[in-house]
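Descriptive structure summary
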Amino acid sequence: MMATRILYLATADARGHLMRAQLLAHALTAAGARVRVITTSDEGRRFLAGFGIDAPVLSRHYAVQFDAVQNMLRRETDQNVARYVFFPHRMPRDIKHLHGLMRDADVVVNDSFHPALLTMGMLPGWRHKIVHVYGASLRAALEGNFQGRVTGWMATLFSRIIAWQIACARARIEHDFAYPAIETPSRETYRLPTPVAVANPVRTGCASDLVGVGVGVGVGVGVGVDVGGGARATRSTTRDHAPRAAVYLNPHFRDPALAAALQAGLAAADATAHCVGEGYEGRPGWTGRDEHWVDHAARSDVIISAPGMAALSIALVYGKPIILVLTDQPEQAANAARATALGLCHRVVVWRDGDPASFSDQVARSLRSLLDAKQDGSTVDAGSALAKGRLDAWVNVLLSVAEPVETSGTS
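All of the points below concern the structure found in this document. (Residues numbered from 1 in each chain as written. Predicted model: local features only at pLDDT ≥ 70, side-chain atom pairs only at ≥ 80, totals over all residues. Heavy atoms only, no water.)

Attention now goes to the packing of aromatic side chains. Considering all chains together, one arrives at seven aromatic pairs under this definition. Summarising the aromatic geometry, the rings of Phe 113 and Tyr 134 are spaced 5.0 Å apart at their centres and angled 20° between planes, so their arrangement reads as stacked. In this pair, Phe 113 sits in the loop between strand S3 (107–111) and helix H5 (115–120) while Tyr 134 sits in strand S4 (residues 130–135), placing the two residues 21 residues apart along the sequence. You'll find Phe 113 and Tyr 134 in the same group, each marked buried. Here Tyr 280 and Trp 286 contribute two aromatic rings whose centre-to-centre distance is 4.8 Å and whose plane-to-plane angle is 55°, an arrangement assigned as tilted. (Phe/Tyr/Trp six-rings, centres within 6.5 Å; stacked < 30°, edge-to-face > 60°. Helix = DSSP H or I, 4+ residues; strand = E, 2+ residues; numbered from the N terminus. Buried < 20%, exposed > 50% of the residue type's maximum accessible area, 1.4 Å probe, protein only.)

Printed below as a string of C-alpha cells:
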C-alpha cells in the first residue's frame, strides 16, 4: 500500500505554526506517511532545521508585520499582503510552484491561512486536496481584520469572503489550547486541542542550565488546572530551590529594554530563569533557540510567554501557572481573555514604552502571586501522556482526511 503523501505549508510569522509542523511531521512519518514541509522565511527554515526538518522556502514576500514588542502593525500588514496578492511575480508565482508540488501530494496542509492556499482552496482544480489548519482565535482575528477600520459593509464583505474561502476547501482543522477532545461540528470540520511536544521523562541539566538572576527562597507551591484535558495530579510540596521560570518570547520581541525589564522582575522575585528568544540571541542570560524548551517548561515553577496557543497549551497540559506578556496582537488578546474565562492559572503583564520599572514590578508581583497560590500540580509523566494523546489525535485526523476522494478536474 502506498504511503500517504502530505505537503505541509507552515507560515513563519511566529513559531507556533512551525512548531506544530515539526511535531506533526515527525509523528506522521512515524505512522508511515511521507511528509514534505515548506515555509515562508529563511529564519523559519533555520528553526525547523533544529528539529531535523529540511523545509524549503516557498517565497519571502508574505508576512504579518510587527514592531519590536510584538504589537501588530495593521497598515503595514495590509500593504504587505496586498502587494503579495496583486503583484504578478508573487502570489501567482507561488500558486504555480504549489501546483507542481501538489501533484505528488494526497493532501496539502495550510497552517495557517497562507493567501496562496486560501485562493487555491476555493478553486475546483485544487480545493479537493487542501486542508486549512488554524487556531480558533486566529480565524476570528482574520475575519474581523477590518472591523472598525473601514466602512461596515466592506468589513462584512471581507469577512464573508474569507469564511467562504475556508469553507470551500477539502477540510478544516480548528484548534484551541483548551479543546478537550476531537469534535466534528460539521462535515469535514474538526476541532482538536492544540498539539504539544512530549517532554522527555528525564533530562539531565535542566536545572543547571537555568540562568540565575536572583537568590531563591523556599515557598510552598503547586498548580491547579483542570480545563480541557489538563492533568490534575495532586502534588503540593515545599520548594527547596529558587523559583524556576521557563521564558519563551517569539522573534517579534526584539526590544532590549523589555528583555532587561523582564530579567529585573525575575531577579526581584529571587527567580532563576531559562530564557529563549530569537530576538535576544547573544544577549546575556538568553539563548536564541532551544529545541528542548518544553523540557524546561514541564519542570519549571512558572512559564512566561506571550499568550499564543502553544504556550497556553503547554501550561495547561503540564499544569504550570503562566505569566502572559500581552501586546496589541488580536489573536493573542483573545487567547488571554479565554484563559481568564476558563480559569487557567495565570497573570497578565503589559509592556508600556518608557516605563520598564512598571513592567519589572508586574513580572515580580505576578510571579510571587502565582507561586503563593498553593494549588494542585501536574507531574511531567502525566503531562507527557496528555501531550502524546493530543499528537495521536492529530495524526489520526490528518491520515483520515488524506484518504483518496473522488474528484473531477485536474490537480
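Picture the strands of a sheet paired through backbone hydrogen bonds; they go either parallel or antiparallel. The strand order S2-S1-S3-S4-S5-S7-S6 describes an open sheet built from seven strands, whose pairing is mixed. Taken across any chain shown, the strands that pair with only one partner, and hence form the sheet edges, are strand S2 (34–39) and strand S6 (183–186). Within this sheet the neighbouring strands show an average axis-to-axis angle of 20°, counted without direction. In this structure, S3 lies alongside S4, joined through four bridges in parallel fashion. The residue of S4 that forms the bridge with Asn 110 is His 132. Strands S4 and strand S5 (171–176) of the sheet are contacted by helix H6 (residues 136–143), whose axis makes an angle of about 95° with S4. (Pairing = 2+ DSSP bridges. Axes fitted to C-alpha atoms, helices over the stretch in contact; angles between N-to-C directions. Contact = heavy atoms within 4.5 Å.)

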